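# Coordinate analysis (summary)
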Amino acid sequence: MGDSERLDVEWIILADSAEVVNNKVYLMGGGWETLTMNVPLPAVHPCAVAVSFLVPPSDEPGRALNIGVQIADAQSEKVLVN
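Residues numbered from 1 in each chain as written. Predicted model: local features only at pLDDT ≥ 70, side-chain atom pairs only at ≥ 80, totals over all residues. Heavy atoms only, no water.

### Quick notes on the overall build of the chain
In terms of regular secondary structure, the chain is built from zero helices and four strands. Put simply, the chain runs from its N terminus to its C terminus through helices and strands in the order β-β-β-β. In the chain, once contacts between residues fewer than 6 apart in sequence are set aside, the share between residues at least 24 apart is 50%. Carbon together with sulfur atoms contributes 52% to the accessible area of the chain, which is approximately 7500 Å² in total. (Helix = DSSP H or I, 4+ residues; strand = E, 2+ residues; numbered from the N terminus. Contact = heavy atoms within 4.5 Å. Areas by Shrake-Rupley, 256 points an atom, 1.4 Å probe, with all protein chains shown as cover.)

### With respect to a nonpolar patch on the surface
The grouping of Val 9, Ile 12, Val 49 and Val 51 at the surface amounts to a nonpolar patch, some 350 Å² of accessible area in total. Note on placement: Ile 12 falls in strand S1 (residues 8-15). A relative accessible area of 58% means that Ile 12 is categorised as exposed. (Patch = residues over 30% accessible without salt bridge, like charges linked within 9 Å, V, L, I, M, F, W, Y side chains within 5 Å. Salt bridge = Lys/Arg side-chain N within 4 Å of Asp/Glu carboxyl O. Buried < 20%, exposed > 50% of the residue type's maximum accessible area, 1.4 Å probe, protein only.)

### With respect to the environment of Met 37
Secondary-structure assignment places Met 37 in the loop between strand S3 (24-28) and strand S4 (48-54). Setting aside residues up to four positions removed in sequence, Met 37 forms contacts with Ala 43, Val 44 and His 45.

### Describing unusual backbone geometry
For the bond running from Leu 41 to Pro 42, omega is 0°, close enough to zero to count as cis. The backbone of Ser 76 sits at a positive phi, close to 65°, despite the residue not being glycine.

### Examining the environment of His 45
Looking at the element boundaries, His 45 is found in the loop between S3 and S4. The partly exposed category is assigned to His 45, whose relative accessible area is 33%. Taking the C-alpha atoms as reference, His 45 lies 8.9 Å from Leu 35; in sequence the two are ten residues apart. Once you skip the residues sitting within four places of it in the chain, His 45 turns out to touch Asp 16, Trp 32, Leu 35 and Met 37.

### Some points on the side chain of Ser 52
The residue Ser 52 is located in strand S4 in this model. Setting aside residues no more than four positions away along its own chain, Ser 52 makes contact with Asp 8, Val 9, Glu 10 and Trp 11.

See below:
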């Protein structure tokens, strides 16, 4: 992918679980934005993040893209996830 090309996010959603089967995204418990924890913090809550990217056309069909995710707090400090 050249410097002038970029990926735009079409949509992003939080869900209890998500998977892709035959190029379709299947969500369970999707669309929540608030999590209430009734246990002491820090706590672990398994969840899924599903994202759709708008990919520009390419001269290389089937090319692989490397996409990374960083989780940060309100001060833009990286949060480590085990």
